Every structure is written in C-alpha cells, then in structure tokens.
Amino acid sequence: MTKYDYDLFTIGAGSGGVRASRLAASYGAKVGVAEEYRVGGTCVIRGCVPKKFLVYASEYGHGYHHARGYGWSADNVSFDWKALIENKDNEIDRLNGIYIRNLKNAGADIFQTRATLKDPHTVHLEAEDRDVTAERILIATGGAPWTDETVPGHDLGVTSNEAFHLDSLPGHVVVAGGGYIAIEFACIFKGLGCDVCLVYRGEDILRHFDADISVQLHAELQRQGIRVVTQNIFEKIEKTDGEKKRVHLSGGDTIETNLVFWAVGRKPTTRGLGLEEAGVELDKNGAVKVNENSQSSVDNIFAVGDVTDRVNLTPVAIREGAAFAETYYNDNPTQTDYRFIPKAVFSQPPVGTVGYSEQDARHEFDNVDIYKTNFRAMKHMLTGSEERVMMKLVVDGDTDRVLGCHIVGEDAPEMIQCIAIAVKAGLKKKDFDDTVALHPTIAEELVTMREKFVPSDEKLSR
Ligand code: NDP
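This structure is a prediction, so every number in the text was calculated from the model and none was measured.

**Q** How should I be thinking about the environment of Ala 29 in this particular structure?
**A** Within the fold, Ala 29 resides in the loop between α1 (15-26) and β2 (31-35). As for Ala 29 and Ala 106, which are separated by 77 residues in sequence, their C-alpha atoms are 10.0 Å apart. Ignoring anything within four residues of it in the chain, the contact list for Ala 29 reads Asp 7, Ala 24 and Tyr 329.

**Q** What's the story with the site of the ligand in this structure? I'm lost.
**A** Lining the immediate environment of the ligand, one finds 21 residues, of which Ile 181, Tyr 200, Arg 207, Asn 312 and Ala 344 sit closest. With respect to the ligand, the backbone of Gly 179 contributes an N or O atom lying 3.2 Å from an oxygen atom. Contact distances for the ligand include 2.8 Å between a nitrogen atom and a backbone N or O atom of Ala 344. Protein contact buries 78% of the 910 Å² of open area that the ligand shows by itself. If you tally residues by element for the shell around the ligand, the top one is helix α6 (residues 180-191), at three residues. For the shell around the ligand, the residue count by class is ten nonpolar, five polar and six charged.

**Q** Is there a simple way to think about the sheet that holds strand β9 (residues 195-199) in this case?
**A** The pairing of strands in a sheet comes from backbone hydrogen bonds and takes either a parallel or an antiparallel form. Ordered by their spatial adjacency, four strands build an open sheet running β10-β9-β8-β14, and the pairing between neighbours is parallel. Of all strands in the sheet, those with a lone pairing partner are β10 (227-229) and β14 (259-262), marking the two edges. Taking each pair of neighbouring strands and ignoring which way they run, the sheet shows an average axis angle of 20 degrees. The sheet contact formed by strand β8 (residues 172-176) and β14 spans four bridges and is parallel. In the strand pairing of β14, Val 173 is matched with Leu 259.

**Q** In this structure, what is going on with the packing of aromatic side chains? I would like to understand it.
**A** For any pair of aromatic rings, geometry is given as the distance between the ring centres together with the angle between the planes. The full count for this structure, using the stated rule, is 15 aromatic pairs. Ring geometry for Phe 302 versus Phe 324: centroids 5.0 Å apart, planes at 50 degrees, classification tilted. Taken together, the residues span a long stretch of sequence, with Phe 302 in strand β16 (residues 301-303) and Phe 324 in helix α8 (residues 314-329) at a distance of 22 residues. Comparing Phe 302 with Phe 324 shows no difference in burial state: the two are buried.

**Q** Is there a simple way to explain the packing of helix α3 (residues 48-68) against α6 in this structure?
**A** The description of two packed helices rests on the angle between their axes and on the distance between the axes. Where α3 meets α6, the closest approach of the two axes is 7 Å, and the angle between their N-to-C directions is 45 degrees. In terms of orientation, α3 and α6 fall into the oblique class. For α3 against α6, the interelement crossing comes out left-handed. Across the interface between the two elements, Lys 51, Leu 54, Val 55, Ser 58, Gly 61 and His 62 of α3 pack against Glu 184, Phe 185, Cys 187, Ile 188 and Gly 191 of α6. Grouping the constituent residues of the contact of α3 with α6 by class yields five nonpolar, four polar and two charged.

**Q** What should I look at first to understand the pattern of salt bridges in this one?
**A** Side chains that differ in charge, positive against negative, can pair when their charged atoms come close. For the structure on display, the rule yields 28 salt bridges. Across the pair Glu 256 and Arg 246 runs a salt bridge whose closest N-O atoms are separated by 2.6 Å. Of this pair, Glu 256 sits in strand β13 (residues 254-257) while Arg 246 sits in strand β12 (residues 245-249), and the two are ten residues apart along the sequence. We classify Glu 256 as partly exposed; its relative accessible area is 36%. On the basis of relative accessible area, Arg 246 is assigned to the partly exposed category, the value being 28%. Between Asp 337 and Lys 424 there is a salt bridge, with its nearest N and O atoms 2.7 Å apart. Taken as a pair, Asp 337 in the loop between α8 and β17 (343-345) and Lys 424 in helix α11 (residues 412-424) lie far apart in primary sequence, 87 residues in all.

**Q** Whenever I open this one, unusual backbone geometry confuses me. Can you help?
**A** A negative phi angle is the norm for most residues apart from glycine, just as the trans form is the norm for most peptide bonds. Geometrically, the link from Gln 348 to Pro 349 is a cis peptide bond, its omega value of 0 degrees lying close to zero. Mapped onto the elements, Pro 349 comes out in the loop between β17 and β18 (351-355). With an omega dihedral of -10 degrees, the bond running from His 439 to Pro 440 counts as a cis peptide bond. Tracing the backbone through its elements, the reader meets Pro 440 in the loop between α12 (429-434) and α13 (456-460). Even without being glycine, Leu 206 reaches a positive phi, approximately 45 degrees. Locating Leu 206 in the fold gives a position in the loop between β9 and α7 (211-223).

How each quantity is defined
Residues numbered from 1 in each chain as written. Predicted model: local features only at pLDDT ≥ 70, side-chain atom pairs only at ≥ 80, totals over all residues. Heavy atoms only, no water. Helix = DSSP H or I, 4+ residues; strand = E, 2+ residues; numbered from the N terminus. Contact = heavy atoms within 4.5 Å. Near = heavy atom within 4 Å. Polar contact = N/O pair within 3.5 Å; in protein donor to acceptor, adjacent residues only side chain to side chain. Areas by Shrake-Rupley, 256 points an atom, 1.4 Å probe, with all protein chains shown as cover. Nonpolar A, V, L, I, M, F, W, Y, C, P; charged D, E, K, R; others polar. Pairing = 2+ DSSP bridges. Axes fitted to C-alpha atoms, helices over the stretch in contact; angles between N-to-C directions. Phe/Tyr/Trp six-rings, centres within 6.5 Å; stacked < 30°, edge-to-face > 60°. Buried < 20%, exposed > 50% of the residue type's maximum accessible area, 1.4 Å probe, protein only. Parallel < 35°, antiparallel > 145°, perpendicular 65-115°, else oblique. Left-handed = near helix turned anticlockwise from the far one by under 90°. Salt bridge = Lys/Arg side-chain N within 4 Å of Asp/Glu carboxyl O.

Note that all results are geometric; they support no functional claim without further evidence.
Okay, here's the thing in structure tokens:
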C-alpha cells in the first residue's frame, strides 16, 4: 500500500474504465471508481447495446413483409414503441447491475458522483464534497454527441442520448450526418415505419470506408425509401405548429419533420475535469494525448477509451483498459494492437469491414488485386426484396496476402468477425480459394471469387 488512499482511481465506469479497474483490483490493487451517470458507460447504457435492441426491433418491420413470400400472413400487425423501450430498459438495468456487482466483487469501491482532478494525485468527489488521493489516476470518461451550436434552433434537435427514450415514435425524422450513428438510426426509424431523410454534408456517406461500401449502402438506403440528401447541412431549425419543426438546408430546401436528430460525431468528455490544470495535455478536439501505454503527459495519469480519440470502439477501449492493468498491476507489459480491427455498421442491410479499403491499399501497395461480387441473396428470391449483397476482397498482388474484406449484406458483421481472424493472421487469397465453400450460404462467395475485377474503363482500353 502506498501513501495514497488508492493505488488506482478511475474516473468513468464505461467499458475501458471498468475493465481496467476490475483487472487491477483482481491483481491486488486498491481501486476506487467514480461514475456520474450509470455504471456501464455509453456502450451498455446508451450506445451499442440498446442500439442493437432497436435494430432487432426494426428488422422485424422488414421481416413481416418478407415472410409473406414464405407463405406467412400477419394481418393487423402493430408495433408498440413504449413496450420496446420498457423491455430494452429492463435489460439495460440488468446489465448495469452486473457491471456494478462485477466491480464490487473484484474489490473496487464505487462512487456515484462526478469526480474532478484537484492535482495529479487528488480527486474531488463532488457528491460527497471530499477528496481522495491515488497513486495513479485513470481517465475513462468517454465521449458525448455534440450538436452544431452555430445553427439557429440547434437545441430543437436531439442526439442519440435522447433517442433511446423518445415518448413516442415520430412520423418523420430528419437526421444530420453520414457516419455510424446517422445511418444506424436512419435505418432503425425506417424499419419501425417512420419517414426518414438523411442529410449529409459530403458526397458519399461513410466516407472513411471502402468506396464500394458507400455506394452500395447509399443505394440500399434509397431502395428502402430513405431520402438521402448529400452536400447539404442544416442551416436553421425552427418550430412550426405544435411539436413540428422545419429544417432549412444549406441548398435552399426546407423539410417539415417531427424529429430532428443530430448525428454529427462525438467529442471526448474532458471539459471541466481539471485535466489541463493538472498538466495533462489535450489535443485540439479535447482528447487526452497518450503514448502507447495510455500514459498522458503527466506520468501518473493515464487515459483509455474514447476520451483519447484513438479508435472509438468498445472492444478497443476494453483492450486498452486491460493492457493498462496488465502493464502496471500484473508486471506484464502489454500494448494494444490497432491493426486489422473489424468494424460494423448496424445498418439494414449491415456493413462489415476489416483491413485496407481499396483506396488505402492502392496508396500503400504497388499492385492491388480486387475481387468483388454483387448479388441478390437466395432468401430474397421468395421475399421479392431487391436487397443486394456486396462482397469485396482487397489483395496484395505481389504477395497474395488478403489486405481487406468488405461486405454489405445480411449477417455481414457476423461474417467479418470470423474473416478478421484470417486477415489479421495474414492469410493469402490462395488460402481462401483452398477452403471448401459451405453451401448454400452468402459467405460461400468469399471463397469462390476467382476472377480479378477489372474496372470497365480498363476493359474498354484493352
Ligand atoms: P462519425 O464520425 O461516424 O460520423 C459523423 C458524421 O457527421 C460524419 O458523416 C461527418 O461528416 C458528419 N459531420 C461532422 N461534423 C459535421 C458538421 N459540422 N455538420 C454536418 N455534418 C457533420 O460519428 P458518429 O457520431 O456517427 O459516431 C461516433 C463514433 O462512435 C464513431 O466514430 C464510432 O467510432 C462509434 N460508433 C460505432 C458504432 C459501431 O461500431 N457500429 C456505432 C455508433 C458509433 P464527414 O464524414 O464529412 O466528416
């Protein structure tokens, strides 16, 4: 035991903070954890987990239509938003309880309060109005959605935080953004029967993904009736009759809507924590600057997860938290490996992706081979849906190594988790070819793509 109250004090009990705290406590450290909202953090309380429940709910909306082709009839189908939210909340309460129990069972003290730094070793617990000291402090406060305050009426809109507890399902929703949250919620609302308009400032949604994913998903959103307006931003939002709002777009259009939804990104939660006063350097977005050991510019202050704005995904925060605990409380120096992290967008149809996009691969490698396919899945031959699947392998033409895999289509996230093992392990296209297909599946196409894709302008010049 040191001269401090705690060996480790963690501010923020989300995925990264909880993993680090639990592990450190299990290795014998005296650990305190402060959380101002609910233990579990964004992922469990108002992110990945509740979002996935809304996605499941929304998929049934399409499922009822598809089932007709298979002989089912479901007349007078109705949907109860309040029942969904109540069931979802019950499950979130259960998970929140598990997170609290796990921390306590590991021996950590939990403080339900906002905590701020007084100096590099002192944390002020606001609810109790007292200070505690710690040898090391871990900042794991995550991030939060932001709205563009320069837009008049911006506060008439909601963010994902509020979307999980809307009183009722809106008839019409207009969403700002073309990233993960914008697209996932646009699809959720559409599947639940709302009219949806997505307004994106650029040309191609999911700008950081492989270009074929952007094109394919854009087409799929439009196919299911989501209006996608590109190269526009919100210029002004105003209240009209009753609860309705009118959104003025930069291109001159106006949209009447029931719900304005901001999904223009998230920012690290560092404001007012006393970090800069304690000497912790932040980047221009307010993220804590850290080295490969998650150590900040102050030796005994560390940070993991979204507050560091490295790769803002739950499993990455968990890895960073675990690496920190292993390094400093288990004498096992560990660093997080950021290469070939699989990613998914839970749109409908969903996206799964791992490794290099075609555009990034062409930038870094001399010879890049592309294998891709685009087809209507067998299931939809009877449903009548025109939904299509896109699959793509990006291969290093010199070594035959598979550099990336990109899928838009049913079960893409499930497929990509498995394919990520092969891609991370450095397997070659020949290994994919040598694997016998599993028939009839969508995934079998991943091992049966034989012909290199030749862009049509190249074909013409031959
Ligand atoms: P993203 O960074 O994915 O998307 C933000 C979107 O907002 C982009 O399309 C961006 O445009 C646009 N944008 C940014 N600033 C403005 C502005 N001033 N006016 C108009 N549009 C703007 O953020 P999200 O909020 O969707 O998600 C945050 C993070 O959370 C993600 O990066 C991801 O790491 C994580 N997340 C992961 C999920 C998953 O794993 N399935 C699900 C949800 C979130 P542009 O592209 O041009 O920059």
